Amino acid sequence: MSTAFKTVLLFGPPGSGKGTQGVAIGTLPGFFHCSSGDVFRSLDPESELGKVFKQYSTRGELVPDDVTIDICTDFLNKQVDAGKFNPANDVLLLDGLPRNVAQAQALDGKIDVVKVVYLEASDTEALVQRLKKRALDSGRADDADENVIRNRMQVYTDETAPVLAHYPDNVIAKIDALPTPAEVMRTILDALIPAIG
Ligand code: AMP
């Protein structure tokens, strides 16, 4: 990457609707959505890198930082070459990356972070109930354990805090994840539009 990509980072705990919002906003002209999880899942499972990904993801672990940065950077450059991502006009909506401070540091200079959207629940209990209902609806009773859900959310919050702290306070937009998807999207866009120019 020669010039830093104008970028919005998307964060949100399990159940916050981060994935839904990323995909939805990514369909708008002027945005290019990139989910690091999707980039990894698109690798050929038989390739060297595909095997590396499987080795870590099946244990629920993060892929090493240098591999992650290389794969995602390479993916973005290929999207530029293919004409799918036009950095002169499109804002990069980065989802799932950076996951830690080392990744955030490695991306400094490659991305110009104009906004950090953090979807959070004003009422954590409502988010727990939302996840519990979703787990029951999809028949995954193991995921319906409230303590497991609370723990996953706490882990996410603890891991994300230092990453958020890497960016200036004035670029961080904390947005309530509990209203309807359309309302949440409107609030995100209200926060983004003045920042992306
Ligand atoms: P996700 O869909 O974001 O939950 O990601 C699925 C898997 O991809 C994770 O469990 C990791 O193994 C890998 N992954 C995604 N993003 C990253 C990242 N930023 N750093 C390291 N590993 C990642």
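The structure under discussion appears in the preceding block.
Treat the numbers as computed from the prediction; the structure is a model and nothing was measured.

S.K.: Even after reading the chapter, I still don't get the site of the ligand, so can you show me in this structure?
M.R.: Near the ligand lie 14 residues; those nearest to it are S36, R41, E61, G96 and Q103. One of the side-chain nitrogen or oxygen atoms of S36 is found 2.7 Å away from a nitrogen atom of the ligand. Coverage of the ligand by the protein chains reaches 81% of its 480 Å² of free accessible surface. The set of elements that each furnish at least two residues to the shell around the ligand consists of α2 (36–41) and α3 (48–57). At four residues, α2 tops the list of elements feeding residues into the shell around the ligand. When its residues are assigned to classes, the shell around the ligand shows five nonpolar, six polar and three charged.

S.K.: What am I meant to see in helix α4 (residues 65–81) here?
M.R.: The α-helix winds at 3.6 residues per turn, so residues separated by three or four positions along the chain end up facing the same way. Here α4 contains 17 residues, and its C-alpha end-to-end distance of 24 Å stays within 8% of the 24 Å for a straight helix at 1.5 Å per residue. Among the residues of α4, those classed as buried are T68, I69, I71, C72, T73, L76 and Q79. Looking at the buried positions of α4, the neighbouring elements they touch are β1 (5–11), β2 (31–35), α2, α3, β3 (91–95) and α5 (101–107). Of the residues flanking the end of α4, it is G83, one or two places downstream, whose phi is positive at about 75°.

S.K.: Whenever I open this one, the pattern of salt bridges confuses me. Can you help?
M.R.: Between side chains of opposite charge, a pair can form as their charged atoms come close. For the structure shown, the criterion picks out eight salt bridges. A salt bridge links D95 to K18; the nearest nitrogen and oxygen atoms lie 2.5 Å apart. One end of the pair, D95, is in strand β3; the other, K18, is in helix α1 (residues 18–26), with 77 residues separating them in the sequence. Note on D95: relative accessible area 4%, which makes it buried. According to the relative accessible area criterion, K18 is buried, its value standing at 19%. Put simply, R59 and E61 hold a salt bridge, and the shortest N to O gap is 3.3 Å.

Analysis parameters
- Residues numbered from 1 in each chain as written.
- Predicted model: local features only at pLDDT ≥ 70, side-chain atom pairs only at ≥ 80, totals over all residues.
- Heavy atoms only, no water.
- Near = heavy atom within 4 Å.
- Polar contact = N/O pair within 3.5 Å; in protein donor to acceptor, adjacent residues only side chain to side chain.
- Areas by Shrake-Rupley, 256 points an atom, 1.4 Å probe, with all protein chains shown as cover.
- Helix = DSSP H or I, 4+ residues; strand = E, 2+ residues; numbered from the N terminus.
- Nonpolar A, V, L, I, M, F, W, Y, C, P; charged D, E, K, R; others polar.
- Expected span 1.5 Å × (residues − 1).
- Buried < 20%, exposed > 50% of the residue type's maximum accessible area, 1.4 Å probe, protein only.
- Contact = heavy atoms within 4.5 Å.
- Salt bridge = Lys/Arg side-chain N within 4 Å of Asp/Glu carboxyl O.

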